[in-house]
Amino acid sequence: MDVTTILLLLLIGSIATFFAGDKLASKVALIFSLGALGLSLYLLNLMSQGANISYIGEWMSSPKVSLAFKADGLSMAMVLLTTALTPLIVFSSFGNSFNNSKNFYALVLFMSFAMTGTFLAVDGLLYYIFWELALIPIYFIALIWGNGDAEERKKAVVKFFIYTLGGSLFMLIAFAYLYSKAGSFLIGDLYQLELTGTEEFWIFLAFFLAYAIKIPIIPFHTWQAKVYQKAPTVGTMLLSGIMLKMGLYSVIRWQLPIAPSAAKAYMPILIGLSIAGVIYGSIVALRQKDLKKLLAYSSLAHVGLIAAGCYTLTLDGLSGAVSQMIAHGFVIVGLFFAAEVIFRRYETRTIADLGGIRSQTPKFTSMFMILVLASVALPGTFNFVGEFTVLYSLSQVNIWYAVLGGTTIILGAYYMLKMFQNVMLGETNTKVFAEVTTNEAITFVAIIAFLLFFGLYPKPIVDLVTPSLNEILAVINK
């Protein structure tokens, strides 16, 4: 058994969900997504026992393209993030009703399939195909089932699609050039190429454009807040929880080892842009009146810090970045779900229209507060582990990077606690806020339990990814 079984299960699940019909679609999607999670854990156990769960086979002879999927600690960590969040996202949507729900949930599973393929593929062209496939379902999810004015939503989603597709084309050109040099798209062959300084610069830039838009890094972020706001909450969760991690993962897996000299040469600029995103996202979040937009800019600030960790080119930076990717995935899904729970009851995301919820719903208040504290990296949560490690790695490069990057903690605490105060505290709201349902509580508890457990005991994840990161660093420093 190898990792292709996860891909097959998700793809079959997408098809089965479509043919299940509208009434059963959500339940079928949940069953297959849970099956993918169970299979991921089983394969991880096999890998830990020394079994080879990678797969490589010939696909095309001219050009030479392989069906190559590599399972190491790094890729399996991202696969587990995807297969753990997908059932949570599907389950969280049970309180909503969607027109043509069979199409909706089939697209969710297909997107999970494509993102999983992106994390596993180690043939450049195959990786690019999965990278682009992930864009198609989220385009339709946001366009058809999004909220707000239809014309504004269309503009935001089309801008996102064109931005992302345009950036990805530069990456495709880079792969074509690399193929002309190596005669192969396999990542191992690309790692061994000896490129000139000029070649590395252009290859690095081509990858950077694709990844900076997806993450996003300033100044390529202009699509993000509107799409997060206009997409349905399930779509926003998929984008923020998993899809943006494709860009961060790809920086580590593809960009840095293929063009290491360029990464070292332009490290100050790359870290500077990333930290600029931290400060910009935090300041803009302070001014937001819409809850989803505030969380979108909060996400921008946090991923800026993760990107800065990646570009330190140190083990601590890469390890902290991966830990923070996983922690951010869970906490941002939880926060967007909290915003959705509020919207289900009050039908508004305008912060000024909220307030006074705490007195009506102590359970929801407590769970929302834990997620807010995790978001600001309170010690004891998994977010603290990632952020501390990244800040430590930045201090190893330059202490001022750590000082400026640390503003994400200070500013984040300010705007998140201020948001919590405005949304949850104050005089009792005249509208009735029903306590969380069993389904909603299960979703929150699962997310919080993960963040607290690995906040107190991060060793399994750190040990899982460290060997892979050491191998990548060996290629970077060869």
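As the structure is a prediction and not an experimental result, all values here were calculated from the model.

A word on the packing of helix α2 (residues 25-48) against helix α4 (residues 101-120)
Here is step 1: At a minimum axis separation of 9 Å, α2 and α4 run at an interaxial angle of 15°. Our classification of the angle between α2 and α4 gives roughly parallel. Judged by the twist between their axes, the crossing of α2 over α4 is right-handed. Residue-level inspection shows A25, S26, A29, F32 and S33 of α2 in contact with α4, the latter providing S101, K102, Y105 and L109.
Here is step 2: A class-by-class count of the residues in the contact of α2 with α4 yields 5 nonpolar, 3 polar and 1 charged.

Here's the deal with the UniProt feature "domain: NADH:quinone oxidoreductase/Mrp antiporter transmembrane" (unreviewed entry) in the protein
Here is step 1: The sites that carry the UniProt feature "domain: NADH:quinone oxidoreductase/Mrp antiporter transmembrane" (unreviewed entry) are, in the present numbering, residues 124-407.
Here is step 2: Secondary structure over residues 124-407 splits into 80% helix and 0% strand, and the C-alpha atoms at its two ends are 37 Å apart.

What about the pattern of salt bridges?
Any two side chains of opposite charge can pair if their charged atoms end up close together.
Here is step 1: Tallying each qualifying case throughout the model produces 10 salt bridges.
Here is step 2: The partner of E152 in a salt bridge is K230, and the shortest N-O contact between them spans 3.4 Å. Of this pair, E152 sits in helix α7 (residues 150-182) while K230 sits in helix α10 (residues 224-230); the two residues are 78 residues apart in sequence, bridging distant segments of the chain.
Here is step 3: Owing to a relative accessible area of 8%, K230 belongs among the buried residues under this scheme.
Here is step 4: Across the pair K181 and E199 runs a salt bridge, and its minimum N-O distance is 3.2 Å. Separated by 18 residues along the polypeptide, K181 in helix α7 and E199 in helix α9 (residues 197-214) bring together distant segments of the chain.
Here is step 5: Accessibility expressed as a relative area gives 41% for K181, which makes it partly exposed.
Here is step 6: If you follow the salt bridges from partner to partner, you end up with E340, R344, R345, R349 and E440 in one network.

Describing the nonpolar core
Here is step 1: Counting residues in each nonpolar core, the largest one holds 182 residues, and the members touching the most others are Y211, M243, F330, F364, F368 and V423.
Here is step 2: Here this core takes 18 residues from helix α15 (residues 315-346), the largest share from any one element.
Here is step 3: For F368, the contacting residues outside a window of four places in its chain are L335, A338, I342, M419, F420, V423 and M424.

Observations concerning the pairing of strand β1 (residues 55-60)
Here is step 1: Sheet analysis places β1 next to strand β2 (residues 65-69), joined by 5 bridges and oriented antiparallel. Its bridge partner being in β2, Y55 is matched across the sheet by F69.
Here is step 2: Linking two consecutive strands that pair antiparallel, namely β1 and β2, is a turn of 4 residues.

Reading the values: rules and limits
- The residue count restarts for each chain, going from 1 along the sequence in the order it is written.
- Totals for whole chains, interfaces and linings use all residues, but because this is a predicted model, local features are given only for residues with pLDDT of at least 70 and pairs of side-chain atoms are given and counted only at 80 or more.
- No hydrogens and no water enter the side-chain calculation; it runs on all heavy atoms of the structure.
- Axis definition: a line fitted to C-alpha atoms, over the contacting stretch in the case of helices. Angles run 0 to 180 degrees between N-to-C directions.
- Secondary structure is summarised from DSSP: a helix means a run of H or I of at least four residues, a strand means a run of E of at least two, and numbering begins at the N terminus for each.
- Angles below 35 degrees are treated as roughly parallel, those above 145 as roughly antiparallel, those between 65 and 115 as roughly perpendicular, and all remaining angles as oblique.
- Crossing handedness is defined as follows: a turn of the near helix away from the far one that is anticlockwise and smaller than a right angle gives a left-handed crossing, while the clockwise case is right-handed.
- Contacts between residues were defined by any pair of non-hydrogen atoms, one from each residue, lying within 4.5 Å.
- Put simply, Ala, Val, Leu, Ile, Met, Phe, Trp, Tyr, Cys and Pro go in the nonpolar bin, Asp, Glu, Lys and Arg in the charged bin, and everything else, Gly too, in the polar bin.
- UniProt positions are given in the numbering used here, feature names are shortened, and annotations may be inferred rather than shown by experiment.
- The salt bridge criterion pairs a side-chain nitrogen of Lys or Arg with a carboxyl oxygen of Asp or Glu, the two atoms within 4 Å.
- Buried, partly exposed and exposed residues are distinguished by accessible area as a fraction of the type maximum, computed with a 1.4 Å probe on protein chains only: under 20%, between the cut-offs, and over 50%, respectively.
- Take the buried Ala, Val, Leu, Ile, Met, Phe, Trp, Tyr and Cys residues and link them wherever side-chain atoms come within 4.5 Å; each set so joined is a nonpolar core.
- Pairing between two strands requires that DSSP report at least two bridges joining them.

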